Amino acid sequence: SIYDSPHSWGTMLFDDYYDWIISSLNYIRKKKLRIAIKPHPNSIKKQPDIRNLFIDLRRQYNDLIWLDENMSNKKIFQNIKFGVSATGTVLFELAWHNIVPISCGQSPYSYFNFTLNAKTKKQYYKLLSTGHRIKGKKTKKNKLALFYFYQNFSNFDDLELGIRNREFKKIDFKNSSCLNKFN
């Protein structure tokens, strides 16, 4: 839920996702940043209360740039230099496409260091303001494939064990069919 405490992966800079959304929208408005907002499509489709919240937010923040929740990430990725999510899976997709992924807290991605994880709200807001100037680092596809494998075909205990023991370096993902959808 958007109002639950999203600290299952560790520290997040905001009390919940609602606090993160409102704080981010207020900052974007205050600084007049040209950052487009796309609600998570699954949340909008599956949770009527979230859909209503975003309808209200679009009305309240109608001076900001809102994208249709059905617009494909593939299309969006052709036109952006960075992307922001509290802890969402889009962070992986951004890294896969060499787009700077910015988050405001720890997530499974933090362990692999392919996202910029703000440590303070001040740092988070600075990343929002300067994200378009940050040069995207090219994370090795092997490293991203490893993360994808552990996240989707393993359990979190295995992920922690793999990270701790560096056993995953032996895995070859070059011809992984499950990753083709990200090309």
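This text follows the structure it describes.
The structure contained in this document is the topic of the report that follows. (Residues numbered from 1 in each chain as written. Predicted model: local features only at pLDDT ≥ 70, side-chain atom pairs only at ≥ 80, totals over all residues. Heavy atoms only, no water.)

### Remarks on the packing of aromatic side chains
As enumerated under the stated definition, the model contains seven aromatic pairs in all. When the ring of Phe 14 is compared with that of Tyr 125, the centres are 6.5 Å apart and the planes differ by 70°; the resulting orientation is edge-to-face. With Phe 14 in the segment before helix H1 (17-31) and Tyr 125 in helix H6 (residues 121-130), this pair connects stretches of sequence that are 111 residues apart. A relative accessible area of 1% means that Phe 14 is categorised as buried. Owing to a relative accessible area of 19%, Tyr 125 belongs among the buried residues under this scheme. Consider the rings of Phe 92 and Phe 114, whose centres lie 6.3 Å apart with planes at 75°: the pair is edge-to-face. Placement of Phe 92 in helix H5 (residues 90-96) and of Phe 114 in the loop between strand S4 (100-103) and strand S5 (116-117) is noted, with a sequence separation of 22 residues between them. The class of Phe 114 is buried, set by a relative accessible area of 2%. Here a set of aromatic residues connected by ring pairs shows up, and it is made of Phe 14, Tyr 27, Tyr 124 and Tyr 125. (Phe/Tyr/Trp six-rings, centres within 6.5 Å; stacked < 30°, edge-to-face > 60°. Helix = DSSP H or I, 4+ residues; strand = E, 2+ residues; numbered from the N terminus. Buried < 20%, exposed > 50% of the residue type's maximum accessible area, 1.4 Å probe, protein only.)

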